[in-house]
Amino acid sequence: FNTGRDASGTLLADGVVDPHFKLIASADELFPGPDTLVVFEGAPISPAGNWAANGPDSRWIAPSANQDTTLDGGNLAGSYTYRITFDLSGLDPATTGLTGNWAVNGAMPDVILNGKSTGLQIGPFEPARALRPFSIDSGFTSGLNTLDFVVSATGTAGALSATALRVE
């Protein structure tokens, strides 16, 4: 599933819980997860800000829906891990592949498939807010699989920082 979509594929509204991506690690004790929320439209999302505009296939998600730091939004600087779980029972994991697009605000130091690093990263000084392609073609198992996106909210320790993930 793409971020910010329900089971039927419809884009979710602002502030709604994403039913597929869970927050399994959070630097912000006020937003510990497991819920991830669709980020409110407007700044920092384009055209009001500098993140890629939502839609038509996905929306930004975050630990809290308000990521506009000019309006006391965001989350504490630190590491956040978003997880999606999917089932490959009855399929051959050797012939399985995953391709898509992703974006983060902050840095993405790792994407982890079934507990092992895929080597996919977005550095803190790259143009991280635009969708970019990714591909994973190994590391799948028969049965349940977990895909973790580790996002670092950059900023001063103890201060609010805008952070979010978008995957399609």
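Keep in mind the model is a prediction, meaning the values are calculated, not measured.

J.: Can you walk me through the overall build of the protein chain in this structure?
T.: Within the protein chain, the secondary structure is distributed over zero helices and twelve strands. With the principal axes as the frame, the protein chain shows a C-alpha extent of 50 × 30 × 30 Å. In the protein chain, which comprises 168 residues, the proportion classed as buried is 45%. Taking the intrachain contacts of the protein chain between residues at least 6 apart in sequence as the baseline, contacts between residues at least 24 apart amount to 68%. Accessible surface, the protein chain: about 7800 Å² in total, of which carbon and sulfur atoms supply 57%.

J.: It is not clear to me how the sheet that holds strand β5 (residues 78–87) should be interpreted in this structure. Could you clarify?
T.: The strands that make up a sheet pair up through hydrogen bonds in the backbone, lying either parallel or antiparallel. Taken in spatial order, the five strands line up as β1-β5-β10-β7-β8 in an open sheet, and their pairing is antiparallel. Every other strand in the sheet has two partners, leaving β1 (22–25) and β8 (116–117) as the edge strands with one partner each. As defined by bridge partners, strand β7 (residues 107–113) adjoins strand β10 (residues 144–153) across five bridges and the pair is classed as antiparallel. Counted as the bridge partner of Ile112 is Asp148 from β10.

J.: Can you help me understand the confidence of the model for the protein chain in this one?
T.: Averaged over all residues, the pLDDT of the protein chain is 89; the fraction at 70 or higher stands at 95%. Per-residue pLDDT, averaged within each element of the protein chain, yields its smallest value for strand β11 (residues 160–161) (84) and its largest for β1 (98).

J.: Whenever I open this one, the environment of Ala13 confuses me. Can you help?
T.: Structurally, the position occupied by Ala13 is in the segment before β1. With a relative accessible area of 45%, Ala13 lands in the partly exposed category. Along the backbone, Ala13 and Gly100 are 87 residues apart, and their C-alpha atoms lie at a distance of 22 Å.

Conventions used here
- Residues numbered from 1 in each chain as written.
- Predicted model: local features only at pLDDT ≥ 70, side-chain atom pairs only at ≥ 80, totals over all residues.
- Heavy atoms only, no water.
- Helix = DSSP H or I, 4+ residues; strand = E, 2+ residues; numbered from the N terminus.
- Buried < 20%, exposed > 50% of the residue type's maximum accessible area, 1.4 Å probe, protein only.
- Contact = heavy atoms within 4.5 Å.
- Areas by Shrake-Rupley, 256 points an atom, 1.4 Å probe, with all protein chains shown as cover.
- Pairing = 2+ DSSP bridges.
- pLDDT = per-residue confidence, 0-100.

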